[in-house]
Each structure stands twice: as C-alpha cells, then as structure tokens.
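What follows is the residue order along each chain.
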Amino acid sequence: MAKADNDFDILVAGAGYVGLAAAVSIAGAAPDLKIAVVDAAPEGVWQKDTRCSAIAAAAVRMLEQLGVWQAMVGEAEPITEMIVTDSRTADPVRPVFLTFSGDVGAGEPFAWMTPNKIMNGALREKAAGLGVTILQSTPIERFETGPGHVTLHTPDGREFTARLLVAADGVRSRLREQAGIRTVTWDYGQSGIVCTVAHERPHGGRAEEHFLPAGPFATLPLKGNRSSIVWTERTADAERLVKEDPFVFEVELETRFGHQLGALRLEDTPRAWPLGLTLARDFVTDRVALAGDAAHGIHPIAGQGLNLGFRDVAALAEVVVEAARLGQDIGTLDVLERYQQWRRFETVQMGITTDVLNRLFSNDLGPVRAIRDLGLGMVDRMPALKTFFMRQAAGLTGATPRLLKGEAL
Amino acid sequence: MTDTGQTTIDSAEVERFSRMAAEWWDPRGKFRPLHKFNPVRLDYIRQSVIAHFGLDARATRPFDGLRFLDIGCGGGLLSEPMTRLGASVTGADASEVNIEVARIHAAESGLDIDYRATTAEALADAGERFDVVLNMEVVEHVADVNLYMRKCAEMVKPGGLMFIATINRTMKAWGLAIFGAEYVLRWLPKGTHQYEKLVTPAELDAALAPTGMTVLERSGVSYNPLADRWARSRDLDVNYMVLASRPGA
C-alpha cells in the first residue's frame, strides 16, 4: 500500500523511551506498518538528559528481545542488592528493615541503572534501522478524528494523518486533554531532587532507600564509583536546596547520604521535579491510545514509573500487532479496548500502592513510625511476602505481555 | 447499480448510508455481537488459509494474490480485514443498502473492495471463480440450502477453500442463540434467527456431498461470558464452522 509522505499507519507523539519503544516494538513485529514518532523538542535535546533510570529485569528482557539492550548493557550498572531503612535524618545508624539481594532469575540482577541518553540513543538507532520516521521540532497543536483516521496539526501548518495515534507525551499530556480524557490527580507538595555524585569507595551494586521524614532518599549505583540520587523534599525546601551554593548542597546531601563510601563530589547540577499522582480515567478513545506517563504519573517511591511505561508498551504492541495480523483496523475501539482492559487495573493498583507508601513514610509521627517499622521488619522475616515485593520491584507480576517475558511478538 | 463503486443515489441518501455505516462499524453499537465474534473468525480464516496454501505466517499481507468472495458481506466486517491481509475481495450481499454502506466504509478506510449487490446464484452463473469463498452466517437464512451450497461450491477453484459458519439446530442452540441472544441479552433483533431454518452439521454435509467438496474439519465457537470473548471449541452444538476444500486440479 503506497501512502502519501504525511500519511502513516501509526503516529507516536513523544520521542521519550515510551514512544520510541512503542515504535520499535510494533515496527519489529509488523514491518509493513508505516510508523512515525513526532516530538516537540528540537534535534539533539535528548542528548542533554543527564538523568539515569532503573530498568527492571522484565523491561531488560523486553529490550533484549527488541535488540536494543545489547547497545546499552555496556553503560548499565546492575543493582544486585537493595536495602530499605526507616530513619530520622540525624540518626547516626539507620537500622535496616529490609534487605533484598540475589537475583530474580539465575544470574539476573533485579534492575539496571542506565543513563537515559544511552537508552534513548539505542532506541533511536533501532527505530531508524526499522524504517521508523523520527521528526523533532514537531509539536502537535491539535488533532481531530474522522472516519477511518486521525489528523494531526502542527502550529506551523503541517498535517499528518494516521489510523492510530499513540500519545506518549508525558504526564502533562496535551493530547490526552485534547482527547477529552479526564484524570484523577493529587499533588503531593513534594519534589524529587535528582543529581549524580561521585564517591571514594565502590557501592558494590547496592541500592539504598532511606525513608526520611520529608520523603524517601534513594541512592542507586552507577558505573564507576558513582551513584544517582533521588531525594524527596517538600517542594519549597527542594527548590531552595537546588538553588543553594553547591557547597551547602553537598553538606545537606552528606547528612543524608552518610560517609560510608567516603567523600562525596557532585557531578552535575541538581534539579527538582514536582511529584504528583496523575491517573487517566481512560487509556483509550477512538483512534487514540495513551501510554506511559500520559496514562499514569505515579510517585517514584517504588521506582515503578518507567517500568509501568514499558508494560504499557509491551501490551499495546501485542494488541496492535495481533489486530494487524488479523487484518483489523488497528485504531478502532474494539481493538484498543483490549489494551485498556489489560493495563488499567494494574496501573490504578500501582498508583494507589505508591500513594499509600508515600503517605505512610513521609511522616515523622511516633506511632506511624512504630507501625511501619514493625511492618517492614515483618516483611523481612516472611519469605513469601518478600519474594512478592522483589518480584513486583522487578515488574514480574500480573498477566504478562509476551515482550516482557522476553518472547517475540 | 453498477459494479464499479459508482452510485446513482442522491446526497441525502448517502448521508443516511454514512450514518448506517457508522452504526455497522460501531463496536459498542447495534452490531456489537458481530464485532465481538469477528476476531475468532478472522483468526481461524487466517490460520487455515495460511496452512492450506502454504503462505508466510509472518507476513502482514499473506493473502496477496488470492481472490476471495465474501458472500452475505453486510457492512464489510470480513471483507475489509481480508483486503488488508492482501486478498482481492469481492463482497456480495443481496441487500443494496448493505452494499452501499459497505462501499462508503471501505472508501473511508482507503480500501479497494469489489462490492456487488447480487446473489450467490447470479455470481456462480456468471462464471465467477475464487480461491477462497467465505460463507459466514448465511446458510441459516437461505430458502434452499442444497441449491445455495451447490452454487457457492461451484465458485471454489480447484485447490480452493470454502468456510461455512452457522448455527446448529439443537435445543441448546435455541436456548442460547435464539432465546438467550435475542430475547434475554437483546444482542440481536428478535426474529434474526428462526429455529426451523437452522442447519445441522449432517445437513450441511449432505448439501456438500454432491458438490465435489471435501470437508476438512469442523470446529465449534463458544462464548465465554466472564472474558466476554468468543473462542474456538469442540462443542458444535450452537455456533460452528466448517472448512471444506475442492480437490486440486
């Protein structure tokens, strides 16, 4: 089927890991589908992202199956151990309530810390190899659905048509709003400070999450003697901290990080990201599917945002590819509803779990501390529950899409 | 009406047909049961045609080069997917309204389908021949099953296939497909199916026997109310499909 230049089978809005992975997953299994990824940012901006992400075992299996992981593994640091403590900031010794170590499967770390730009670059390269068109500087101003297709308009007057629009344009998705899909939102009044530090001694592949009164403080191991910090504070405090003199910031950081790995040195400029819970009431409407943060922005307390995004991608790709194999119109509601049924329940469940965890732990009341310490201590002593938490952290529960099991579509 | 997609119907009529097309194709609308039923039929057709003709199961257009007839095509719920899979499809329906609806929707979907308001008899007598004849949910509505099956079978090329889907004449079928689907769940308008016109597998065999077609397999199609999904099964008591072939040249 010869199509005009601006006419596609699938248009993906948003060239983050969710949008790119969706394009790669579908293009790899259904090479005849014509796919484009459009993104508002100018060319090359993605290379300036200095953040790192924890990619869970299931998502790694998917990236391996897509032939993308091979280009990332050299820059990825395995997390082989994870500890959780519940402390006041000034406590000299933080009792460890949960220790997770060992692998999800034989020889499989439960997550890998990977620089975002490495993942994004590997996905872009694979997408280009599969014939996916990537258009930067292409914001979508509005779209309308007509019979059999959706038409997208850019502010500079360009037009694109497609049978299916995948909105992967982030937690403040404009396309979601345009589609008339409402959300449930909650602002935590907290922000996550993200930065990278170098330390004198090796971290040994260990991730730590300390539940401090203002919110969780997590350290995640990076390549070399470096760690990624995700540090939650009340928004006003977070904004003040990132604007402080680097010396003051480092002192505050050391108070929380501790001295067990020796002297610390900040490697980049800390930035604060406001945290909230945003759940879309619907994941789909006629010709439109939401994926990733556009469908669900959750609290990063359990490190699940990215992995929920990959689960969306795996489920959506499986549904779309199966429909294409049956000759169905991939943008119709009867096809897209399968994706919605598959993803919505688990997402709401994860949103509520992370919300409760955050409310429970961002708290310095004595009785609440006693109850949650008891809770974490019990989890540590109950192997079945611990396995559940570990497997959940690795993204292995629920009805699993084939890609997440490392199988081809 | 001609066979080329041109129409002499005026614009008010076209608008009425467009609304009907939207209704035919609304997965939550009047034809919801057919939409729910469609994936299991499509999957069966895809797998069987690929296996029979030795086609590439990985291809997105495996049916390239094959000529299909969709008899009783309605709004085109089967004709469109078959076209996307590469087949060159003739969709026939005795209802001119259905054909107009199907044409409008195919144009909206950007698909080239040869829709004709005609009957199996007329097509067969005109000498039309096909690699695959889809004969889905029609036989229980025709006046003369034996004549109808003979005419359909005539159109299958040597080495070709015919798919027949229908409803068995059993008490269970009356309970589920007529009383359940038409009176209790209101999935279908009352009177869609008449019990005495339902066709048993044995009657279908008898109608096929003189046509030179060989029955390859029969499978049931059952509804799972919990998953709200249809799946193939071994139970032929209600909905069932028969796959038959004409021996090769």
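Predicted model, so just to flag it, every value in this text is computed and none were measured.

**Topic: the environment of Ala289(A)**
Residues and elements named next belong to chain A. Mapped onto the elements of the fold, Ala-289 is located in strand S19 (residues 288-290). The class of Ala-289 is buried, set by a relative accessible area of 0%. Between the C-alpha atom of Ala-289 and that of Val-166, which follows or precedes it by 123 residues, the distance is 4.9 Å. In this view, Ala-289 contacts Leu-164, Leu-165, Val-166, Ala-167, Phe-283, Val-284, Leu-316, Leu-336 and Tyr-339; residues no more than four positions away in its chain are not counted.

**Section: the pairing of strand S11 (residues 159-167) of chain A**
All names here are of chain A. The element S11 is largely enclosed, with a buried count of 8 among its 9 residues. Inspection of the sheet shows strand S1 (residues 7-13) paired to S11 by 6 bridges, in the parallel sense. Note that in S11 the partner of Asp-7 across the bridge is Thr-161. Relative to S11, strand S10 (residues 149-153) runs antiparallel, the two being bridged by 4 bridges. Following the sheet pairing, Val-150 is matched in S11 by Ala-162. What sits between the antiparallel neighbours S10 and S11 is a turn of 5 residues, in which Gly-157 has the positive phi angle 90°.

**Notes on the interface of chain B and chain A**
Many authors give the size of an interface as the accessible area that is lost as the parts come together. Facing the 16 residues of chain B at the interface are 19 residues of chain A. Between chain B and chain A, roughly 1,700 Å² of surface is buried when both sides are summed, and carbon and sulfur atoms account for 50% of that area. Summed over the three residues of chain B that lose the most area to chain A, namely Arg58(B), Thr60(B) and Arg84(B), the buried surface amounts to 32% of that side. Put simply, chain B and chain A have 1 salt bridge between them. One salt bridge connects Glu337(A) with Arg28(B), and the closest N-O pair in it is separated by 2.4 Å. One can count 5 residue pairs in polar contact (both at pLDDT 80 or more) joining chain B with chain A. Secondary structure elements with two or more residues in the side of chain B that touches chain A: helix H2 (32-53) and helix H3 (79-84) of chain B. The element best represented in the side of chain B that touches chain A is H2(B), accounting for 5 residues.

**Some words on helix H3 (residues 116-129) of chain A**
Residues and elements named next belong to chain A. For H3, with 14 residues, the first-to-last C-alpha span of 20 Å sits near the 20 Å given by 1.5 Å per residue. Within H3, burial applies to Asn-116, Met-119, Asn-120, Gly-121, Ala-122, Leu-123, Arg-124 and Ala-127. Contacts made by the buried residues of H3 are with helix H1 (17-29), strand S3 (52-56), helix H2 (57-65), strand S7 (111-115), strand S8 (133-135) and helix H7 (305-325).

**Some remarks on the nonpolar core**
In this structure, Ile10(A), Leu11(A), Ile35(A), Ile55(A), Leu165(A) and Tyr339(A) are the most contacted members of the largest nonpolar core, which totals 80 residues. For this core, the leading source of residues is H7(A), giving 12 residues. When near neighbours in sequence (up to four residues on either side) are disregarded, Ile55(A) contacts Val60(A), Leu63(A), Trp69(A), Met72(A), Phe110(A), Ala111(A), Trp112(A), Thr114(A), Met119(A), Leu306(A) and Asn307(A). With 33 residues, the next largest nonpolar core counts Val49(B), Leu78(B), Met82(B) and Trp230(B) among its residues.

**Some remarks on the sheet that holds strand S3 (residues 114-117) of chain B**
Backbone hydrogen bonds hold the strands of a sheet together, and the pairing may be parallel or antiparallel. Residue and element names in this part refer to chain B. Reading across from one edge, S3-S2-S1-S4-S5-S8-S6-S7 is the order of the 8 strands in this open sheet, with mixed pairing throughout. The sheet terminates laterally at S3 and strand S7 (229-233), the two strands that pair on one side only. Adjacent strand axes in the sheet meet at a mean angle of 20° when their direction is disregarded. The pairing of strand S5 (residues 156-167) with strand S8 (residues 239-245) spans 7 bridges and is classified as antiparallel.

**Some words on the UniProt feature "domain: Methyltransferase type" (unreviewed entry) in chain B**
Under the UniProt annotation, the feature "domain: Methyltransferase type" (unreviewed entry) is placed at residues 69-164 of chain B. Within residues 69-164 of chain B, the helical portion is 36% and the strand portion 30%, while the C-alpha atoms at the span's ends are 12 Å from each other.

Scoring rules and cut-offs
Residues numbered from 1 in each chain as written. Chains lettered and ligands numbered in written order. Predicted model: local features only at pLDDT ≥ 70, side-chain atom pairs only at ≥ 80, totals over all residues. Heavy atoms only, no water. Helix = DSSP H or I, 4+ residues; strand = E, 2+ residues; numbered from the N terminus. Buried < 20%, exposed > 50% of the residue type's maximum accessible area, 1.4 Å probe, protein only. Contact = heavy atoms within 4.5 Å. Pairing = 2+ DSSP bridges. Buried area = accessible area lost by both parts, 1.4 Å probe. Salt bridge = Lys/Arg side-chain N within 4 Å of Asp/Glu carboxyl O. Polar contact = N/O pair within 3.5 Å; in protein donor to acceptor, adjacent residues only side chain to side chain. Expected span 1.5 Å × (residues − 1). Core = buried A, V, L, I, M, F, W, Y, C linked by side-chain atoms within 4.5 Å. Axes fitted to C-alpha atoms, helices over the stretch in contact; angles between N-to-C directions. UniProt positions renumbered as here; feature names shortened; annotations may be inferred.

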